[in-house]
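Topology and contacts: notes
The lines below spell out each chain.
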Amino acid sequence: MNNPSYQLTDWLPTTKKELDLRGWDTPDVILFSGDAYIDHPSFGTAVIGRLLENQGLRVAIVPQPNWRDDLRDFRKLGTPRLFFAVTAGVMDSMINHYTANKRLRSQDAYTPDGRADMRPDRAVTVYSRILKELYPDVPVVIGGVEASLRRVTHYDYWDDALHKSILADTKADLLVYGMGELPLKQLIHEISNGKPIREINDIPQTAFLRNEVPENPFNEEISLFSHEECTKDKLKQAKNFRVVEEQSNRLSAARILQKVDSRTLVVNPPYPPMKEEEIDASFDLPYTRLPHPKYKDKHIPAYEMIKFSVNLHRGCFGGCAFCTISAHQGKFIVSRSKQSILEEVKKITQMSGFKGYISDLGGPSANMYRMQGKDLSICEKCRKPSCIFPKICFNLNTNHTDLLDIYKSVDALPGIKKSFIGSGIRYDMLLQESDDQGTNESHRTYISELVRNHVSGRLKVAPEHTSDATLTIMRKPSFRFFDQFKQTFDTLNKKYSLNQQLIPYFISSHPGCTDEDMAELAATTRKLNFKLEQVQDFTPSPMTLATEIYYTGYHPYTLKPVYTARSKEEKNDQRQFFFWYDPSQKPSVIKKLKRIGRPDLIQKLYGHKG
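Summary of the structure given here. Here the structure is a predicted model, which means the values were calculated and not measured. (Residues numbered from 1 in each chain as written. Predicted model: local features only at pLDDT ≥ 70, side-chain atom pairs only at ≥ 80, totals over all residues. Heavy atoms only, no water.)

Sheet strands pair via backbone hydrogen bonds, and the direction of the pair is either parallel or antiparallel. Read from one edge of the open sheet, 9 strands run β3-β1-β4-β5-β8-β9-β12-β11-β10, paired in mixed fashion. Two strands bound the open sheet, and with one partner strand each, they are β3 (59–63) and β10 (221–223). Averaged over all pairs of adjacent strands, the angle between their axes in this sheet comes to 20 degrees, without regard to strand direction. Examined bridge by bridge, strand β5 (residues 140–143) and strand β8 (residues 174–176) share 2 bridges and lie parallel to one another. Paired with Ile-142 across the strands is Leu-175, a residue of β8. (Pairing = 2+ DSSP bridges. Helix = DSSP H or I, 4+ residues; strand = E, 2+ residues; numbered from the N terminus. Axes fitted to C-alpha atoms, helices over the stretch in contact; angles between N-to-C directions.)

So this is what it looks like as structure tokens:
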């Protein structure tokens, strides 16, 4: 198959020459991004650019501007008519740059050829400050993951300190948090009616700093402890987190206020979940689905990973303690229509290099498509961060029939040989019995269909740990569900004469995890014949429950102390248990097992008493 014939003007302009080709003197909005410009619905820069274009605006993009020279990239397109927009890109720039041990990464997946030096640390702050210095009178609107997760006082792992709202550091005029389509449409509407950005106070899902608190246009309001109070009292920071998380997970939330120096941070509540036609409209914008031609044949790892994949929905109701997805996208599932999904697959079949295989039909969690509360009036009263922990909510519809229909409809399209599921699945939903027999039958059918037709040799799942105590803090299901799922997976592989592997993900050094928990993890996974590959140390990223526990030492919901491995030595002591089978680790593992009073595990791991 070949790509449709595109001209340079089919991408949003990135240079003065491209503006001239369109006959533009001045863009309405200039969007600065820490990512390369890939015109694809999986990349937020393209989504926002195409959305603003769809609203009738002239939009230009400056991808990965050079912040270390004479700042010509920040000057080359001049002054926008309306505002500058700034995002770090798909990832938080600090997590993009550094490992859990604060070592500099050697590759940036969102940059041509994986170069690791094309964006600054704290990209939103760096870009915004430069723009404010060069164009002090032009409004700056910030958004994306990096800005969203820093909208209130937050712990910064890399500085090991509390930081103020990113609005204070950037001097930006407005922050759009979460998925930006709905607030940006409203912003353009208000600007079009002659309202200056600095006077816009009523748009949901936005945040701003004010000398005087504007009148509240929403139903409720709640005040956090001030930034200054939190720097002096970690317990107050923990209490703040619970308020922010609960309000973020309500269908109808309160406006949040927080004092920052002499001003007040105002965080308006989020929009209700997008409707099907709204999310379809976002995915159906005229993306080329390709990197900008300026990159020529350079390899962009993140694009190569997703170019033949399809995102079915947004949102995740798992509520995992270490994950930022629900903090950014919300817990309520917003699903695309079947027609929109199939139209995107048809476009993929026309792409150069496509050989008939969809790499992923997924989402934040692969198997949450079209799932929501059976009675939304119950959801209206709920402020829990998870619909499936500590147990699956009685009001949650977990029927997989619609998702199975998507799989079969995609596989029936001309040009499709097979579709795979690369996103993680929540196997706990598939294993717990419902009162509805149709739902239970859909679970059994889904597991069989998944294993038989949608695994590309290896199925990745995320039990994350084996200790129920640690899993409780993680907001993850008991390890017994993984054990049960593995038995089902192995049985189906044998039944269909398949040779597929189950690849589990695990985390060390998570709050609540002890050395003994890790030793038990090694013994448990050894018994299951795993030599672990997909492992990581816990990385504290802003606005997660686990990060608040890591920083404050308290669980925000119980206010009780929780142990966390913090020093490099403590983390390495835990991490070594992942690699008990490595001969170089064996002496250290045995020594540690003796020190913690668990010599019995030496026998389980190595077949002798040490």
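Right, let's talk about the sheet that holds strand β20 (residues 458–464) for a bit. With parallel pairing, the 3 strands of this open sheet are ordered in space as β20-β21-β22. The open sheet has two free edges, formed respectively by β20 and β22 (535–537), since each of these has just one partner strand. Taken pair by pair, the neighbouring strands of this sheet meet at an average axis angle of 20 degrees, ignoring direction. Summarising the sheet, strand β21 (residues 501–508) and β22 pair through 3 bridges and their orientation is parallel. Paired with Ile-507 across the two strands is Gln-536, which belongs to β22. Contacts between helix α20 (residues 479–495) and the sheet are confined to β20 and β21, with β21 contributing the most and set at about 165 degrees to the helix. (Contact = heavy atoms within 4.5 Å.)

According to the stated counting rule, one finds 24 aromatic pairs in the structure shown. Between Phe-578 and Phe-579, the ring centres sit 6.2 Å apart and the planes meet at 75 degrees, which makes this aromatic pair edge-to-face. Linked through ring pairs, Tyr-427, Phe-479, Phe-482, Phe-485, Phe-489, Phe-506 and Phe-530 together constitute an aromatic cluster. When the ring centre of Tyr-550 is taken as origin, the NZ or CZ atom of Arg-566, which lies over that ring, is 4.3 Å away. (Phe/Tyr/Trp six-rings, centres within 6.5 Å; stacked < 30°, edge-to-face > 60°. Lys NZ or Arg CZ within 6 Å of the ring centre and 35° of its normal.)

Inspection of every chain in the model, using the stated rule, returns 42 salt bridges. Note that Arg-250 is salt-bridged to Glu-220, the shortest N-O span being 2.7 Å. One end of the pair, Arg-250, is in the loop between α10 (234–248) and β11 (255–260); the other, Glu-220, is in the loop between β9 (206–210) and β10, and 30 residues separate them in sequence. Each of Glu-516, Glu-520, Arg-598 and Asp-600 takes part in one network of salt bridges that share partners. (Salt bridge = Lys/Arg side-chain N within 4 Å of Asp/Glu carboxyl O.)

This next bit is on the nonpolar core. The biggest cluster of nonpolar side chains holds 124 residues, and the ones touching the most others in it are Phe-83, Leu-187, Val-410, Ile-425, Leu-459 and Phe-485. Of the residues forming this core, the biggest block, 6 residues, is contributed by α20. Residues within four places of Phe-83 in sequence aside, it is in contact with Asp-28, Val-29, Ile-30, Val-138, Pro-139, Val-141, Leu-187, Ile-188, Ile-191 and Ile-197. Among the nonpolar cores identified, the runner-up in size contains 42 residues, and Val-62, Ala-147, Ile-166 and Leu-209 belong to it. (Core = buried A, V, L, I, M, F, W, Y, C linked by side-chain atoms within 4.5 Å. Buried < 20%, exposed > 50% of the residue type's maximum accessible area, 1.4 Å probe, protein only.)

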